[in-house]
Each structure stands twice: as structure tokens, then as C-alpha cells.
Amino acid sequence: MDSAWNGESSREAPGGGYVLFRVPYAPAAEIGGYGSSAESLIGSLDRVVRFDECSSGAVRVLRIPDIRPPLVALPVSGKTVDEPDYPLILEIRVRVEARSLWGRAYLEALRSSLSRMEDQALTDSGSIPGLIWMAAAGDLMTGRGIDRRLLAGGPGAVFDPEILRILEDADLAVANLEGALTHGGLRARKTYTFRSPPETAGGLRAAGIDVLLLANNHSLDWSEEGLADTLEALAGAGLTGVGAGGTIEEAARPYRVSLKGHAAAVHGAAIFPRERNGWDGEFAAARDGRAGILWLDRKGLGRIGQAFRGDTLDVVLLHGGEEWSREPSPVLRRVTNELVEAGADAVIGSHPHVVQGMEWIRGKPVFWSLGNFVFPGMDGTPGGEEGLMIRAGFLEGRMLYVRALPLALSAEGVRAAGR
């Protein structure tokens, strides 16, 4: 009986034999923690691990089932465990030889049995089923000329190629939409109001975005009519808006989808402080018979908690915290803890306009704020021209992989930082 690292089927592997077991491994890194910064998150995930480092014992590797929070897996030579040519799989093979006439007669029956065992081993562990890849980014505002660039030049006029690749390759791509997609409505009495033509939704869908959070302080910038137009524009483009609707039932309704045979859901909600001009998020809260956003008071928390399911990857897009703060507010911490206790598997934050750190709560990843994604007009603000995009791979409800891509914003759009 032999064992060897090999990502190929034993039928083609040196040494031959029959595969009895295939066990996937990966190098692991510890990330997150109370008070962790975006820089520490990026740094811990930036290392390139080569296959020879793993096979020689130069780096510590763990079985995939043993990599659990606060650990995440790192790619090996740029490959993740769900790719067909992933190299870090321990194969245990058996070879049989006939040394007598009786042995040769028995060999054929034994080979048939081993072949069935090999087929089962390759089916069970030849790949990792159900690894769901999610791309997530922060505040997306398409006014101030971004909508015109998007409609005239397509996604490439706003998003650079690396960002587009991440969005398009993801099973699920999400962000927070600031403002309404409408030509109508009444302008709200507040300092900043944003809107873009409804056709903008088609450009965002073409960029690879699937779901947009509408539970924020700009969804009713142009009244309930503007919100209704936004929902209609998104649906017409094949996008889904979560966290807002014509009734509280609609606002609390998540986006549900089956990905690689596993159920996933994206929920949207908000809890943010009153603005300096007096405008309060509770003014925009959906109530019985009134359009608005899902506001996380006791009633809102109860509704979103009822929507979580044990057999589903439940991701919450949460608009909350204090603008321009580098740390989550006490209110946001309390609400996020309650969401995780109720069944949330991951929480993705927006609203502060600056990047905050990542933390594990009860083994669930919380990205407190991904900062801005596309937001013209942030010139000269401390941190407003920066953002973070994450690409996370979830296996059986837990985050197994995550990559953090720093973003650089401008009046023309967004690019990967350093490019």
C-alpha cells in the first residue's frame, strides 16, 4: 500500500494501483480578531504558497475538514481545492500482484472489488462539492457621471479588468446601492440625494453583480416612487434588491438561490445613526402597508431571524455604524451579535465610507465595513477613495477561503489598488 501527494487520478498516476482514499489538504492562516485592521487582513492573505513548500513540510498543512475559524485555507500555487488540478491531495493506493495460479484466479475478483472502491473514493473526495464563491464590495453610487460612463462605455468604463473578472467568476456578487434608479419621485429633504436613470441597472448586471442592498439611507432619496422604480429597474435587468420593498414583508424577503446543489440566501437590513440634518433611518422603515427599508429594531430583528434556515448559507448585507469611523459602533456590534445568534452565517457591512476590519463572531465572519466601491466625489476625504473587495469561498456554511483586494476610487470608477 502506498501514499503520495497527487492531484490526478491513480489510473494516470505514477506507481499505478487503486485509490482507496483521497484526502484534500491546504495550508492555513489565522485571520481576523477584535480590533483587526483591513491592512492585517490583506497582509495575512497575501502570501503565495508553493506546492513544494507543502509537500516538503516547509509549511504546515491541515485536512480541509480541520480548517475552521479563525483559520482559513490558502491557495496552493494559485489553485483552490475545488479546482480539478488542485495538487495537495493525499492519495492512499493499493497495488495487488499475483504470485501463484490461485492468486491469478483470485486477482480478477479482487480487482473488480478494488475498482468499485476506487470509483467510490474518487466520487466522494475527487473534488470538493458545494464550494460557493461570493464577491462582495461596499458602497456603490452611480451618480455624478458614473451612470453616463456606464451607459456609454459599458462595465469596462467604470470597473477595471481584475474587478470585472472577480465579479463575473463569482457564484454570487453583492454590493450596496446608494440612491434611486428613477426619473421621477419627490426629492427628500436631506443634505445628499442620489439618483441615476433606471437603465443603469443593466450596466451593473453586465458587470456581473447579482444582488444589491437597498436597506440604506439613500433608497428613499426620491420618495417611495423612486424606490418602486428602483426595484422595477433592477428586476428588469435580472438583478435583485434586498432589504427594501413596498411592504415590510417585501423588505424582509431575502434573495434565495441554489448554488452547486446548496441553498444560499442574501438578506438586507439597516441600523445607522440619525443624520446631522435630522433625517432618521426610522423615517424610511417599512411598516404595515408602507414602503421602506428593513430597519433592525426589535420587530425587524425578529423578521430577519425568522428567515434564516439551518440548511442555507445565510449572508446578511448590513448598512450600519457611524460614517467615517474606523471601528464598528456599540449599537452595530450588539445588532450583529444578535444576527449571528439568530443564524446568520456571514455579515457584510457598509455605510461608514471607510474600510474597517474583519472579525469572527461565534465562528462566523463579520466584515464590519468594506468602505466605498464606486463613489465619485470622495476626493480629499480621509479613506473615502479606498475600498475593499472580498472574494470568499464557503464550504458547508463556513468560510474556507477569502481574498481581500484593496480598491482605489476615482471620478471615473474603481480599479485594483496599485494599478
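Procedures and definitions
Residues numbered from 1 in each chain as written. Predicted model: local features only at pLDDT ≥ 70, side-chain atom pairs only at ≥ 80, totals over all residues. Heavy atoms only, no water. Helix = DSSP H or I, 4+ residues; strand = E, 2+ residues; numbered from the N terminus. Areas by Shrake-Rupley, 256 points an atom, 1.4 Å probe, with all protein chains shown as cover. Salt bridge = Lys/Arg side-chain N within 4 Å of Asp/Glu carboxyl O. Buried < 20%, exposed > 50% of the residue type's maximum accessible area, 1.4 Å probe, protein only. Pairing = 2+ DSSP bridges. Phe/Tyr/Trp six-rings, centres within 6.5 Å; stacked < 30°, edge-to-face > 60°. Axes fitted to C-alpha atoms, helices over the stretch in contact; angles between N-to-C directions. Contact = heavy atoms within 4.5 Å. Core = buried A, V, L, I, M, F, W, Y, C linked by side-chain atoms within 4.5 Å.

J.: Run through the overall build of the chain, naming residues and quoting values.
T.: A count of helical and extended segments in the chain gives 10 helices and 23 strands. Surface summary for the chain: the accessible area is close to 18000 Å², and the carbon and sulfur share equals 49%.

J.: Quick one: what's the story with the pattern of salt bridges, residue by residue and with numbers?
T.: Across all of its chains, the model carries 19 salt bridges by this definition. The salt bridge involving D288 is made with K299; its shortest N-O contact spans 3.7 Å. Highlighted residues: D288 in the loop between β14 (262–271) and β15 (292–293) and K299 in helix α9 (residues 298–307), separated in sequence by 11 residues. Classification of D288 as exposed rests on a relative accessible area of 57%. According to the relative accessible area criterion, K299 is partly exposed, its value standing at 41%. Overlapping salt bridges, with partners in common, bring together R50, D52 and E53 in one network.

J.: Help me get a handle on the pairing of strand β19 (residues 364–367), residues and values and all.
T.: Remark: a regular strand shows side chains that alternate across the two faces of the sheet. In terms of strand pairing, strand β17 (residues 346–350) meets β19 through two bridges, oriented parallel. Bridge pairing in β19 links I348 to F367. As consecutive antiparallel partners, strand β18 (residues 358–361) and β19 are separated by two residues, and within that stretch R362 has a phi angle of approximately 55 degrees, a positive value.

J.: How would you summarise the packing of aromatic side chains if you had to cite specific residues and measurements?
T.: With the rule as written, the count across this model stands at five aromatic pairs. Their ring planes at 40 degrees and their centres at 5.5 Å tell us that F159 and F373 sit as a pair that is tilted. One end of the pair, F159, is in the loop between α4 (146–153) and α5 (161–169); the other, F373, is in strand β20 (residues 372–374), with 214 residues separating them in the sequence. Consider the rings of F194 and F375, whose centres lie 5.7 Å apart with planes at 85 degrees: the pair is edge-to-face. Of this pair, F194 sits in the loop between β8 (180–181) and β9 (195–196) while F375 sits in the loop between β20 and β21 (386–395); the two residues are 181 residues apart in sequence, bridging distant segments of the chain. Taken together, the aromatic side chains of Y192, F194 and F375 make up a single cluster linked through ring pairs.

J.: Pulling in residues and values, what's your account of the sheet that holds strand β16 (residues 312–320)?
T.: Across the sheet, which stays open at both edges, the six strands sit in the order β13-β14-β16-β17-β19-β18 with mixed pairing between neighbours. With partners counted over all chains shown, the strands left at the sheet margins are β13 (255–259) and β18, one partner each. Between one strand axis and the next, the sheet turns by 20 degrees as a mean value, whatever way the strands run. Along the sheet, α9 makes contact with β13, β14 and β16, crossing β14 at roughly 175 degrees. Of the strands in this sheet, β14, β16, β17, β18 and β19 are in contact with helix α10 (residues 330–342), which crosses β16 at around 165 degrees.

J.: Please provide a residue-by-residue account of unusual backbone geometry, values included.
T.: Put simply, P69 and P70 share a cis peptide bond, and its omega is 10 degrees. Mapped onto the fold, P70 is located in the loop between β3 (61–63) and β4 (71–73). If you check the backbone angles, R144 has positive phi at about 55 degrees while not being a glycine. Along the chain, the position of R144 falls in the loop between β6 (132–140) and α4. Positive phi is not limited to glycine here, since K260 has a value of about 55 degrees. Mapped onto the fold, K260 is located in the loop between β13 and β14.

J.: Residues and numbers for the nonpolar core, please.
T.: F159, L339, F373 and M399 are the most contacted members of the largest nonpolar core, which totals 126 residues. Residue contributions to this core peak at eight residues, all from strand β22 (residues 398–410).

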